[in-house]
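A look at the structure
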Amino acid sequence: MARLKYLAEKHFILLSIISVLIISLIVTPLASAVYSAAATGNCDSALTGSDLRYHLTRITGIADGLKGGAGIVNIYPEALNGYGYASPLFYPDLFMYFPAFLVYLGVPLSVAYYIFIFSVYFITVALFGVLTKKFIEDKLYRYLAIILFSCYQYFIASFFLRSASGESVSLMFLIVIILGLYNMLEESFSKPHILLIGMLGTAYSHILSTVLAFIFVALITLINIKKLAHQKGFFIKVITISILFVLLWAMFFFPFLEIYFSDKFNFSRSWTLPSENAFPFRLGQIGISIYSWIPALPLSILLGLIAFYRTNNEHSRKTLKFLLITVGIISFCTTCVFPWFILNDTLKIIQFPWRLNYITTPLVAILITISISLFRSKKTQKILFTGCILMFCAICVWSYGIHPTVSYNKNDVFNSVGAAEWIPLSEDGDVYYQGFLENQNGDKIDYSRKENTTEITFYNNPKDASYTVPLYYYKGYTAALTDKDNTVTPLKLERTKKGFIQVKNINKNGTVKVWYEGTNLQKYSRIITFLTLIGCMIFAGIKRIITLFKG
């Protein structure tokens, strides 16, 4: 223990990096993936995660769009037998451009995914290391917190077992949000941009996490509003970062609202409800599901309560009180005791109450670490210190045992888009993607596609013709006819009862093209976001120059 403390004090960063590397390569499910890839030479067969196919489809969808010449990809052109899937209009894809660009450059899909998820994993742990400085002074216990966080069950589940890439990226920014809240509460809100960056990063990675993070921030702010109201310029700062948040998120949020309210989508049919997935208090259920039962939660609460009542340090009691209340309430809300059956319709978007553990993930490691450090007996500290590390590592191994590897098959079109929430809802509720084009008489027509874009070219013959095009209808599609004189005539588009595009009133022979051009709101929203971003960069640069001159 003394030797470890010496190493932690002298080589804290190096020791933390080495430890996380060991955890990620040996203890976590990544071990099996790496070993399997080395043994078989096939990286794809080693990938894991229940959400993997969907997120790999996001990467390939963006890469396909980039190959087809799209600067910003709104439709995955090859998804659903080429019918196209507008996931980027509903699920923010900003951070997926990194692995997608690697694929675009020729990097194998599985390798690009590994690079991406490893990068996010290590950045998240590094940010957590920064967060520990705010709560834990002793480097040895900060080191313990990093180990516990790296092995935390829900953290490992999000990254490697569920392959929940969006939630994993949002977790990275949740730590930034907590740093922003700490600055707001304990440092006179001297750096409001930290909270803004955290919220924006979350908003551009995962919508549901954004909602949870917003509620978390709002509650913390309201609880401490009396204290915050006395800060100089507090409300001006809040209003400023709120406006900036809306403007900087405009390029996704405004088009999202537009497309969301433009039609009915498969998302409106709930395929699972929160009450069906809340943790049941039955002994036979304990430990079976990695999502619903987190062994570290009762342990952290128990240790926290003991430490809270044994310590006389007022600052430590205040910190423990906040952590215990937050972790305790959220843990309660993941169980069936919470009235989910009443809130099914209102909160059906959550689907799985265990998602709430997104908020507790960084807090549990800090709570356990602070609690251990407050025990008076050094022997007790050593036992708990060692025991927690062994337990968390054991959980990692056990967690992987209940989730086998999953191979990715691009032709598995329905599974590749998850529950297909964003397919336009058919009047009879079914999902279709036959992959052919037909005229108003139901005759199949030959057509061609332009590489990997969502553009379709075909020739018409009869007068007043209409065609059902093998593309799902989303607001923003455009059609035009080019005749033999190269005259371009815009065409009318409608949505069929089954959610497809129908081109109507074609009165000339020629080439008809259908492509996704986007809406005016999408274009204006991007302009707003980019101008706001440039303005922020100029302001930050000027402020930096002024600070340097003053210095």
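Scroll up to find the structure.
Residues numbered from 1 in each chain as written. Predicted model: local features only at pLDDT ≥ 70, side-chain atom pairs only at ≥ 80, totals over all residues. Heavy atoms only, no water.

We now examine the packing of aromatic side chains. Scanning the model with the defined rule gives 32 aromatic pairs in all. Where F135 meets Y182, the ring centres are 5.6 Å apart and the plane angle is 65°; that geometry is what we call edge-to-face. Placement of the pair is F135 in helix 6 (residues 109-135) and Y182 in helix 9 (residues 165-186), with a sequence separation of 47 residues. For F135, a relative accessible area of 22% puts it in the partly exposed group. Consider the rings of F265 and Y474, whose centres lie 6.2 Å apart with planes at 10°: the pair is stacked. Placement of F265 in the loop between helix 14 (250-260) and helix 15 (274-277) and of Y474 in the loop between strand 5 (465-472) and strand 6 (477-482) is noted, with a sequence separation of 209 residues between them. Here F265 falls in the buried class, since its relative accessible area comes to 5%. For Y474, a relative accessible area of 1% translates into the label buried. (Phe/Tyr/Trp six-rings, centres within 6.5 Å; stacked < 30°, edge-to-face > 60°. Helix = DSSP H or I, 4+ residues; strand = E, 2+ residues; numbered from the N terminus. Buried < 20%, exposed > 50% of the residue type's maximum accessible area, 1.4 Å probe, protein only.)

Turning to its location among the elements, L174 is positioned in helix 9. The buried category is assigned to L174, whose relative accessible area is 0%. Sequence-wise, L174 and G198 are 24 residues apart; in three dimensions their C-alpha atoms are separated by 6.3 Å. Look past the residues within four positions of L174 in its chain and what remains in contact with it is T202, Y358, I359 and P362. (Contact = heavy atoms within 4.5 Å.)

On to the pattern of salt bridges. The tally for this structure, following the rule as stated, stands at ten salt bridges. For R355, the salt bridge is made with E167, and the minimal N-O distance between the two is 4.0 Å. Of this pair, R355 sits in the loop between helix 18 (340-343) and helix 19 (357-373) while E167 sits in helix 9; the two residues are 188 residues apart in sequence, bridging distant segments of the chain. A relative accessible area of 12% places R355 in the buried class. (Salt bridge = Lys/Arg side-chain N within 4 Å of Asp/Glu carboxyl O.)

Between helix 10 (residues 192-203) and helix 11 (residues 207-223), whose axes approach to 8 Å, the crossing angle comes to 150°. Relative to helix 11, helix 10 is oriented roughly antiparallel. Residue-level inspection shows L195, M199, T202 and A203 of helix 10 in contact with helix 11, the latter providing I207, S209, T210, A213, F214 and V217. (Axes fitted to C-alpha atoms, helices over the stretch in contact; angles between N-to-C directions. Parallel < 35°, antiparallel > 145°, perpendicular 65-115°, else oblique.)

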